[in-house]
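Per-entry structural report
Listed below, chain by chain, are the residues.
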Amino acid sequence: MVLLTRGKDRALLARLAALGIEAAEVALLEQVDLPARALLPEKLKEGWDYVAVTSKEGAKRLLLAWEEAGRPFLRVAAVGEGTAGVLKAGGLPPAFLPPRATAKDLAQSFPQAQRVLFVAGDLAGRDLEEGLRARGVEVVRLPVYATRERALAPEEVALLERAEVVAFFSPSGVRAFARWTAKRPKAAAIGPSTGEEARRLGFPVVEAESPGLEGLFAALLRALGR
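Attention here is on the structure that accompanies the text. Each chain has its residues counted from 1, following the order in which its sequence is written. Where totals are concerned, whole chains, interfaces and linings use all residues; where local detail is concerned, this predicted model gives features only for residues with pLDDT of at least 70, and gives and counts side-chain atom pairs only at 80 or more. For the side-chain quantities, the full set of heavy atoms in the structure was used; hydrogens and water were omitted.

**Some thoughts on the overall build of the protein chain**
Just so we agree on the cut-off: Only DSSP runs of H or I covering at least 4 residues are called helices, and only runs of E covering at least 2 are called strands; the numbering of each starts at the N terminus. To get the radius of gyration, use the C-alpha atoms; to get the globule rule, take the number of residues to the power 0.38 and multiply by 2.2 Å. Under the scheme applied here, a residue whose accessible area is under 20% of the maximum for its type counts as buried, over 50% as exposed, and between as partly exposed, the area being computed with a 1.4 Å probe on protein chains only. By the convention used here, residues are in contact when the closest approach between their heavy atoms is within 4.5 Å. All accessible areas in this document rest on Shrake-Rupley with a 1.4 Å probe, and a residue is counted as covered only by the protein chains that are shown. Positive: Lys, Arg. Negative: Asp, Glu. His and the chain ends are not part of the count. The atom standing in for a charge is NZ when the residue is Lys, CZ when it is Arg, CG when it is Asp and CD when it is Glu.
When helices and strands are tallied, the protein chain shows 10 helices and 10 strands. For 226 residues, the compact-globule formula gives about 17 Å, and the C-alpha radius of gyration of the protein chain, at 18 Å, lands near that figure. For the C-alpha atoms alone, the extent of the protein chain along its principal axes is close to 50 × 30 × 30 Å. Of all 226 residues assigned to the protein chain, the portion counted as buried reaches 51%. Of the contacts formed within the protein chain by residues at least 6 apart in sequence, a portion of 56% connects residues at least 24 apart. A total accessible area of about 10,400 Å² is found for the protein chain, and carbon and sulfur atoms account for 52% of it. Across the protein chain, the 32 positively charged side chains and the 28 negatively charged ones have centroids separated by 1 Å.

What follows is the structure, encoded as C-alpha cells:
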C-alpha cells in the first residue's frame, strides 16, 4: 500500500488507483496563520521587484492578501508546479519559475532584482535568502504561516503501520511520520532536502529525479518496482 502524507493530493491518489495500486492518504501536518499574515496586504503595496513564494500554503495566503490589497501589480517568482497552479487558479500566474523546483535553483536563476519579498512558512529553509543576498539582492522574509504536526486518530496510525511505500513532501513530514511509528518503509521523496531527512531517519529512499509532483509520481513507481 502507498501512503501519501500531505492530505491534499486527490489527483495523485486517482492516478495510482488507475494503475491498480492501493493507496491511502493521511495528513501528518497542518498549517496555521501567524500574526505576520495580517501585515501582508500592506506589504504587497511597497513596490517590490518580485514577491517570492516556495509552497502551496504560501501561495494561498499570498492570493488572499493580494485580493485584500486590491490586486496591486505583482511579479511573483514561485517554486514548483503545485505552487504555480495555485497562483494561476487565483488569477496571479507566476512571472518566473526556476528550471528545477527547489529554492536553491530559484536563487541561482532569479531574474534581475533589487528588492524581493519572500512570503514564507516558519519552516522554510534559508537557501533562497542566502542565494539572493550573495547576489546583492535585498530580501525581506515574512513568515505568514506555521506548520504543526497533527494529532492522528488510531485508524490513521494504523495506515502508517501498513504502508509499504510512503510519499514525503517535506522534511517536516518525514519527522512527523518517524515520531508516530518505528516502521521505515520505502520512502519516495519529492526533492533533495526531503530525501536527505528521510535517509537521516533511516528510510530507504527513492528520490524524485526532477523535484515536484511529476517527479514524485515517477519515484513512487520506481519504489514499487514498476
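**A closer look at the nonpolar core**
For the record, the criterion: Buried Ala, Val, Leu, Ile, Met, Phe, Trp, Tyr and Cys residues that are joined via side-chain atoms within 4.5 Å together make up what is termed a nonpolar core.
In this structure, Leu40, Leu44, Leu62, Leu74, Leu87, Leu92 and Leu117 are the most contacted members of the largest nonpolar core, which totals 22 residues. At the level of elements, strand E4 (50-53), helix H3 (56-68), strand E5 (76-78), helix H4 (81-89), strand E6 (115-121) and strand E7 (138-149) are the ones that each hand at least two residues to this core. Ranked by residues supplied to this core, first place goes to H3 with five residues. Here Leu40 is in contact with Arg61, Leu62, Ala65, Leu117, Val119, Leu142 and Val144, once residues within four sequence places are set aside. If you look at the next biggest cluster of nonpolar residues, it comprises 19 residues, including Val26, Leu152, Leu160 and Ala163.

**Comments concerning the packing of helix H8 (residues 171-180) against helix H9 (residues 192-200)**
Selection rule: Where helices are involved, their axes are fitted lines through C-alpha atoms of the stretch in contact, as for all axes, and angles between N-to-C directions lie from 0 to 180°. Between 65 and 115 degrees an angle is taken as roughly perpendicular, under 35 as roughly parallel, over 145 as roughly antiparallel, and anywhere else as oblique. By convention, the crossing between two helices is left-handed when the near helix turns anticlockwise from the far helix through less than a right angle, and right-handed when the turn is clockwise. Side-chain classes follow a simple rule in which Ala, Val, Leu, Ile, Met, Phe, Trp, Tyr, Cys and Pro form the nonpolar group, Asp, Glu, Lys and Arg form the charged group, and the remainder, Gly included, forms the polar group.
It is the contact of H8 with H9, at a shortest axis distance of 8 Å, that shows an interaxial angle of 25 degrees. Classified by the interaxial angle, the pair formed by H8 and H9 is roughly parallel. As for the relative orientation of H8 and H9, their crossing is right-handed in sense. In this structure, H8 contributes Pro171, Val174 and Arg175 to the contact, and H9 contributes Ser193, Thr194, Glu197 and Ala198. A class-by-class count of the residues in the contact of H8 with H9 yields three nonpolar, two polar and two charged.

**So, the sheet that holds E7**
What counts is decided by this rule: In this description, strands pair whenever DSSP reports at least two bridges between them.
Strand order in the open sheet formed by five strands is E3-E7-E6-E4-E5, and the pairing between neighbours is mixed. Of all strands in the sheet, those bounded by a partner on one side alone are strand E3 (29-33) and E5. Each adjacent strand pair in this sheet contributes to an overall mean axis angle of 25 degrees, direction not counted. Note: E4 against E6, four bridges, orientation parallel. What sits directly across from Ala52, in E6, is Phe118. Strand contacts of H8: E3 and E7, with the helix running at about 20 degrees to E7, the strand carrying the most contacts.

**Focus on the pairing of E6**
Residues in a regular strand project their side chains so that they alternate between the two faces of the sheet. Burial within E6 is extensive, with six of its seven residues counted as buried. As judged from the seven bridges shared by E6 and E7, these two strands associate in the parallel manner. Across the sheet, residue Phe118 finds its bridge partner in E7, namely Arg141.

**Here's the deal with the layout of surface pockets**
If a probe as big as a water molecule is rolled over the atoms, it shows which places are left empty. We apply this condition: A pocket, in this scheme, is an open set of points on a 1 Å grid over the protein atoms alone with protein on both sides within 12 Å along at least 5 of 7 lines, while a cavity is a set where a 1.4 Å probe fits but cannot get out; residues line either one if an atom lies within 4 Å of a point. Grid points are joined across faces, edges and corners, and a volume is the space filled by probe spheres set on the points.
Volume-wise, the largest pocket comes out at about 1,300 Å³. Forming the walls of the largest pocket are 45 residues, and the residues nearest its centre are Thr54, Phe169, Ser170, Pro171 and Ser193. Here the lining of the largest pocket takes six residues from H9, the largest share from any one element.

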